[in-house]
Every structure is written in structure tokens, then in C-alpha cells.
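Structural overview for review
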Amino acid sequence: MDEFALIAELLAPLSNGAPNAFGLTDDAALISPSPGHHLVVSKDMIVAGVHCLADDDPGLIARKLLRVNLSDLAAMGATPRAYLLGLALPKEADETWLRSFAGGLALDQAAFAIHLIGGDTVSTGGPFTASLTVFGEVRDGEELRRSAARPGDLVFVSGCFGDAALGLAVLKGSLKGLDASDEALLRDRYHLPRPRIGLGLRLSGLAHGLIDVSDGLVADLGHLCVASKVAAEIDVPRLPLSSAARAALSLDSGLLETILTGGDDYELLFTADPENAKRLATIGAELDLPIAAIGRITEGRGVAALDESGVKIELSSTGWRHF
């Protein structure tokens, strides 16, 4: 399948429903926010062997690519609108591979009400690489930032932590001894992040600092603290864990550091006044999404992960770094 057939047969149909994409037949598309809104833009990339395994199902790779970008919109309280896609394809990406990849995008486009509006495709002698630029919108003055955390805030998180990093360990064969259902849950959380769009839309006026956790809990809380010029303490026993993560910890307590720093969770981490805790619990119940307070914001700099005795846990790293 050549470049133009790829666009016409597999990618152009993904623009259906976005009239200003012009069926991907023009050099560019048009996009503007709704009246009274800001346009929100973010970009993430996936490189085989870095962000996904080289033999991962292409449909799952496509869905992960879209979802990690949608998570950035959730972290600003934005509604998804459209996206651009850049593909660098090795010769191994044959027609079957491409159809599976496009099918994955189609599946999640429907789930998250978003459309492809353009992009570029090239060949490469290196690994498969994809870049996705996502557009959303947020009402003027309601955008959520990393830089507004305050001493005295509680630190809240959505969902559970560590599943994706443990799932990667399962896929690589370095985590063994779990039953089949636990392994399946962990693999699924690695392959398919859950962008918390619905929660992000509910946090305006409640959350102060907000970030999505991609590089690891400790690292991303650290990024929020740097932006807000504050410090944080995490009460590790209060960290929400799935039954599969608890089973893994029972096999190897050393996996606690993986849970704290492994990344790929794509849950929301945010700070809020303690008086909003009950309201946040109600929102979590309405969304069927656990929201847990796991720590606090303090004066100073840095992040401390504390054990059940309040003693700081020494970590060999805080999270993922590319460089």
C-alpha cells in the first residue's frame, strides 16, 4: 500500500465528521474553538522499543497513542476536538499492520468523540515512530495548571497506580508467579491507558495544581511542585492499588519502587483544599472512579514518599527520563 492509498483508504475515513478536515484532500485543515473558549494543544510521540514493544498489536499501539494525548487534555480540564497524526513507517508495517492500526484509531475516535484532521506519512529505516498532536478546548478562565498548588492542600489521585509498569514487567517476562487474570489486568493497563477526561472536566474550581502521571508518581508530583514552588509528602500506605498490584507486591516487596516511579499510569494527580474532599468523593462516585487523598503539599522543595512509620523511603530514581 503506497502513501496515497494509505491516506485515501485508511486515514481519510477517520476524518468523517470533521467537515473542516476536507476529507484530508487539502494541505491543511481549519479549526477554531467555541465562543468563549481557549484552544488547547498538546503533542506526544510513540517510538517502538521505547514507548511500546516492537511486537505489540498495532491496534493497541494506535489506541495508546491517542489516549496518552487525550490524558494531556484531561490534565487541563479540556474537551477533545481533533488531532493530527504523523507516521514514520518501517518496511515491516505492511497493509495488514496498517489496517489494524487504523482500526484502533477508529475504535477510540468513536469512544472519545474526536476526529483526525490531517498529518503526514513517511518511510523510515528505523523503528516505527508516531507523533500525534491533539486539540481540545476549555472555557476561558477554567483551564487547570500545574502551577497553582498551595501549602495546606491535600494531594489526590484518580484510579490505581503501578499497574502499567507492572504490566510491562509481565510482558518482558521479569514478573512471574501471578495468576492469569492478574497478568491480563496488568497487561491491559500497560497497553490501554484510561484518559480521565470526565474527571478533568469536573475539577475546575476544585483543583489547584493538576498533572497527569506519565513519568511516574514521584516524578510527576515533583514536576507539579517545581511549577508551584512547593514541596509534597506522599503517605505510601494510602496509595490506591489494584488487587493485581497487591498480588505482585506479595511476591516481591521490592516492586514498591516500580509502583512509585514506573510511569505509564496516566491517572490524574491534583491538589485541592481539604474542605473539598467530600465533594471530590461524590464526583468520584458519580464517575465510578476512585479518588484518593494520598498526601499533602508543604512549604519547601522536593517530594518525600513516607512509609507507615512516617520515615522517608529512599528511591534509586524518581521516574522515567529520556535523557
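Model, not experiment: these values are computed from the prediction.

1. Digging into the overall build of the protein chain
Along the backbone of the protein chain there are ten helices and ten strands. Expected size for 323 residues packed as a compact globule is a radius of gyration near 20 Å; at 20 Å, the protein chain falls within 12% of this value. By principal-axis analysis of the C-alpha atoms, the protein chain measures approximately 60 × 50 × 35 Å. For the protein chain, the residues scored as buried account for 51% of the 323 residues in total. In the protein chain, the proportion of contacts linking residues at least 24 apart, taken out of those at least 6 apart, comes to 84%. Per element, the accessible surface of the protein chain, about 14600 Å² overall, is 52% carbon and sulfur. Taking the average place of the 27 positive charges on the side chains of the protein chain and the average place of its 43 negative ones, the gap between the two points comes to 4 Å.

2. Some thoughts on the sheet that holds strand β10 (residues 302-306)
Strand order in the open sheet made by the six strands is β6-β8-β5-β9-β7-β10, with mixed pairing throughout. Sheet topology places β6 (207-212) and β10 at the edges, where each strand pairs with a single neighbour. Ignoring which end each strand starts from, the neighbouring axes of this sheet average 25° apart. As paired strands, strand β7 (residues 231-235) and β10 are joined by five bridges and run parallel to one another. When the bridges of β10 are listed, D235 appears paired with L306.

3. Observations regarding the packing of helix α1 (residues 3-11) against helix α3 (residues 95-112)
Contact geometry of α1 with α3 gives a least axis separation of 10 Å together with a crossing angle of 40°. Overall, the two elements α1 and α3 adopt an arrangement that is oblique. Relative to α3, α1 is oriented so that their crossing is right-handed. Mapping the contact onto sequence places L6, E9 and L10 in α1 and L98, R99 and A102 in α3.

4. Remarks on the sheet that holds strand β3 (residues 115-123)
Strand-to-strand pairing in sheets goes through backbone hydrogen bonds, with the strands running parallel or antiparallel. Read across the open sheet, the four strands follow the order β1-β4-β2-β3; overall the sheet is mixed. In the strand order of this sheet, the two ends are held by β1 (37-47) and β3, each with one partner. For this sheet the average axis-to-axis angle between neighbouring strands, irrespective of direction, equals 15°. Of the strand pairs in this sheet, β1 and strand β4 (residues 129-139) are connected by eleven bridges, and their pairing is antiparallel. Directly across from H37, in β4, lies its bridge partner R139. The strands touched by α1 within the sheet are β2 (79-89) and β3, with β3 carrying the most contacts at an inclination of about 155°.

5. Section: the pairing of β3
Relative to β3, β2 runs parallel, the two being bridged by eight bridges. The partner of A82 across the bridge, within β3, is H115. In this region the chain leaves β2, passes through α3 and returns to the parallel neighbour β3; the handedness of that crossover is right-handed.

6. A word on the nonpolar core
One recurring pattern in soluble globular proteins is that nonpolar side chains are buried together. Ranked by size, the top nonpolar core spans 58 residues in total, and within it Y83, L85, F101, F128, L203 and F270 carry the most contacts. Counting residues per element, this core draws most heavily on helix α2 (residues 58-74), at seven residues. Membership of the second largest hydrophobic core comes to 36 residues, among which are A149, V157, I211 and A232.

7. What about the pattern of salt bridges?
Once their charged atoms are close, side chains differing in charge can pair, the charge on each being opposite to the other. Counting across every chain of the model gives 15 salt bridges. Residue E183 pairs with R187 through a salt bridge whose shortest N-O separation is 3.6 Å. Taken together, the residues E183 and R187, both in helix α5 (residues 180-191) and four residues apart, mark about one turn of the helix. Here R187 falls in the partly exposed class, since its relative accessible area comes to 30%. Residues R202 and E286 are paired through a salt bridge, measuring 2.5 Å at the closest nitrogen-oxygen approach.

8. Here we look at unusual backbone geometry
Positive phi, close to 60°, is recorded for K229, a residue that is not glycine. In this structure, K229 sits in the loop between α7 (217-228) and β7.

Cut-offs and rules
Residues numbered from 1 in each chain as written. Predicted model: local features only at pLDDT ≥ 70, side-chain atom pairs only at ≥ 80, totals over all residues. Heavy atoms only, no water. Helix = DSSP H or I, 4+ residues; strand = E, 2+ residues; numbered from the N terminus. Rg over C-alpha atoms; globule rule 2.2 N^0.38 Å. Buried < 20%, exposed > 50% of the residue type's maximum accessible area, 1.4 Å probe, protein only. Contact = heavy atoms within 4.5 Å. Areas by Shrake-Rupley, 256 points an atom, 1.4 Å probe, with all protein chains shown as cover. Lys, Arg positive; Asp, Glu negative; His and termini not counted. Charge placed at Lys NZ, Arg CZ, Asp CG, Glu CD. Pairing = 2+ DSSP bridges. Axes fitted to C-alpha atoms, helices over the stretch in contact; angles between N-to-C directions. Parallel < 35°, antiparallel > 145°, perpendicular 65-115°, else oblique. Left-handed = near helix turned anticlockwise from the far one by under 90°. Right-handed = clockwise from strand over helix to strand, strands pointing away. Core = buried A, V, L, I, M, F, W, Y, C linked by side-chain atoms within 4.5 Å. Salt bridge = Lys/Arg side-chain N within 4 Å of Asp/Glu carboxyl O.

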